[in-house]
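Residues per chain are reported as follows:
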Amino acid sequence: MADLDLLVLGSGVAGLSAAVRAAELHGMAVGVLTKGELQQATTRWAQGGVAAVLGGDPDSTDLHLADTLAAGAGLCDVDAVRVLVDEGPARVHELIALGAAFDRDTEGQLLLAREGGHSLPRIVHAGGAATGVEIERTLVEAVRAAVAVVHEEWFALDLLVESDRCRGVLAANAAGERMEVRAANVLLATGGFGQLFAVTTNPSEATGDGVAMAIRAGVAVADVEFQQFHPTALHHPAMPRPLLSEALRGHGALLRDAKGERFVDELLSRDKVSRAIAARMLEEDVEHLWLDATGLEGFADRFPTITADLHVAGLDPAVDWLPIAPAAHYSCGGVVADLHGASSLAGLWVAGEAACNGVHGANRLASNSLLDGMVFGPRVVEAIERGTTGPTATGAMRSVLGGDDIGGRRLTLPPASERAVADRDELQRTMTMHGGVLRSAESLQRAATACDGTVVGDDLPSWELRNLVTVGRALCAAAAAREESRGAHTRSDHPELSADLRTRFVVSPA
Ligand SMILES: Cc1cc2nc3c(=O)[nH]c(=O)nc-3n(C[C@H](O)[C@H](O)[C@H](O)COP(=O)(O)OP(=O)(O)OC[C@H]3O[C@@H](n4cnc5c(N)ncnc54)[C@H](O)[C@@H]3O)c2cc1C
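As the structure is a computational prediction, the values presented were derived from the model and not from experiment.

**Student:** Hey, could you go over the overall build of the protein chain for me, with residue numbers and the actual values?
**Tutor:** Secondary structure assignment for the protein chain yields 14 helices and 20 strands. A compact globule built from 510 residues should have a C-alpha radius of gyration of about 24 Å, and the protein chain, at 21 Å, falls within 12% of that. Here the protein chain holds 510 residues, and 57% of them are scored as buried. Residue pairs in contact within the protein chain that sit at least 24 positions apart in sequence constitute 73% of those at least 6 positions apart. Just so you have it, the protein chain exposes about 19,200 Å², and 52% of that area is on carbon and sulfur atoms. Charge-centre separation for the protein chain: the mean point of 43 positive side chains lies 3 Å from the mean point of 68 negative side chains.

**Student:** Break down the packing of aromatic side chains for me, with residues and values.
**Tutor:** If you walk through the whole model with that rule in mind, you get four aromatic pairs. With a centroid separation of 5.1 Å and an interplanar angle of 50°, the aromatic rings of Phe-155 and Trp-463 are classed as tilted. Of this pair, Phe-155 sits in strand S7 (residues 155-162) while Trp-463 sits in helix H14 (residues 460-481); the two residues are 308 residues apart in sequence, bridging distant segments of the chain. For the pair Phe-155 and Trp-463, a shared accessibility class is recorded, and that class is buried. Ring geometry for Trp-290 versus Trp-321: centroids 6.4 Å apart, planes at 55°, classification tilted. With Trp-290 in strand S14 (residues 289-292) and Trp-321 in the loop between helix H9 (304-312) and strand S15 (322-331), this pair connects stretches of sequence that are 31 residues apart. Classification of Trp-290 as partly exposed rests on a relative accessible area of 25%. The class of Trp-321 is partly exposed, set by a relative accessible area of 33%. Here the guanidinium or amino end of Arg-44 rests over the ring plane of Trp-45, the centre of that ring lying 5.6 Å away. Arg-364 extends its terminal NZ or CZ atom over the ring of Tyr-330, reaching a point 4.6 Å from the ring centre.

**Student:** Before we move on, could you go through the sheet that holds S7 and cite the residues and values that matter?
**Tutor:** One open sheet accounts for three strands, arranged S7-S8-S9; its pairing is antiparallel. The sheet is open, and its two borders are formed by S7 and strand S9 (178-182), each paired with just one other strand. Strand-to-strand, the axes of this sheet are offset by a mean angle of 30°, without reference to chain direction. Two elements, S7 and strand S8 (residues 165-172), share seven bridges in a ladder whose sense is antiparallel. Note on S8: the bridge partner recorded for Glu-162 is Arg-165. Packed onto the sheet, H14 meets S7, S8 and S9 and runs at close to 60° relative to S7.

Rules and cut-offs
- Residues numbered from 1 in each chain as written.
- Predicted model: local features only at pLDDT ≥ 70, side-chain atom pairs only at ≥ 80, totals over all residues.
- Heavy atoms only, no water.
- Helix = DSSP H or I, 4+ residues; strand = E, 2+ residues; numbered from the N terminus.
- Rg over C-alpha atoms; globule rule 2.2 N^0.38 Å.
- Buried < 20%, exposed > 50% of the residue type's maximum accessible area, 1.4 Å probe, protein only.
- Contact = heavy atoms within 4.5 Å.
- Areas by Shrake-Rupley, 256 points an atom, 1.4 Å probe, with all protein chains shown as cover.
- Lys, Arg positive; Asp, Glu negative; His and termini not counted.
- Charge placed at Lys NZ, Arg CZ, Asp CG, Glu CD.
- Phe/Tyr/Trp six-rings, centres within 6.5 Å; stacked < 30°, edge-to-face > 60°.
- Lys NZ or Arg CZ within 6 Å of the ring centre and 35° of its normal.
- Pairing = 2+ DSSP bridges.
- Axes fitted to C-alpha atoms, helices over the stretch in contact; angles between N-to-C directions.

Rendered as structure tokens:
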């Protein structure tokens, strides 16, 4: 088969937005390769919506920019955020033109919700809290219609790198067959790595494969210590953990500890509430605390999706306290990219949750991540179309190439030891306990030990475990080096923010 113009790895919002644009608008020879079925992605689990300034006054893209910078705690790249907020509205309109049905009022106007950290209502949503399902449905239909080469249930194992350029990927399927897919350009859109933790809202495929492949290929990766935790996921064996949205606390639900006592102001920001819950869980040595929504009236009418999740778990919010724990939710860091999605390796591009382009900094503003994929996936296509061949000193790539006040410090990962790594459950439990919401030098040492080692085996569980361990080592190294508390990263032994550490840790192998 002739080389593709563009091979997209992953079928979430970032990858599919890029594939549709490349095929429909530019007639490129595009292929999509994804490890599950096309519709399988974290994207379809997204609930709240997409943040974009679609109305006029009093909202503005300047306000959206300011809110995003405030959440990012000093590590956002301002130009990257400017691109996000300015180009976002047009991408949302394109999605609507493709057939995405967002919720509207009786006059046909888009309904806008407000979420934590946003100064005004600017979140478009679909099906109440089923925004991801609608976006994924729309993009999958468009890709099936426009993209000729779709490889489903093929797992990308490693990048093919020849003469300092990415030339494609080596992939395998469950039957153990191998194939090389060659392309002039490869887009990593493989999502985040919430599965590094035992308690996570992410689906089982969120194992950081793309970030791990990049690390193995010596491609720059940064900001991986900034894993955002959602304070109130239902403590239940279901994976991914159902989210008990902030709106419940907004409507008066109370947090209670193991003794049934309140211990925190429920309306504080996501991070503060997560930290308070994690600290109380440690203190009481318990695996979960409680959310008491028994006082909320009309629960089922207001929160139909949550009611359905609770019903499956055998819980009735009118009478039961709901078991909750903080859950790994969003990976702010990833493969370093410039404003066009170019990585530090020629021919390799990155977008969405797998990327670190500077948009989220040390913490993601709610509902900015779907927008990130919708904006930066297509930008990769435009850059390829213009004949761009390598990264520019823009966006987070400035931390590698120089050129801004944030800058970057290099962390070199030593080779892994040869001891066998424990199984995935054990790794996840150790990471939740020692590398999760609250970290210290000592706990991170324990987490790093769990991530050090070699994974034998040549099947899907082993490939995923190998990737989790690779990303885990990078996360522990960066979290240990970041001797401060900033954004989503909290050190109990360094509770303050340090002006000296307003920098990105850029990880690469020895
Ligand atoms: C419960 C929940 C609620 C959320 N709510 C919101 C929200 O309201 N608003 C918002 O903006 N964000 C939300 N998010 C975050 C958002 O959903 C994600 O950040 C976003 O969808 C990521 O999109 P993506 O395209 O980068 O990656 P993903 O959607 O994760 O897609 C990655 C793709 O890569 C494939 N893949 C991975 N590894 C390989 C491999 N080795 N080989 C081949 N294919 C591979 C996967 O199968 C998948 O298809 C939420 C997340 C969760 C978990």
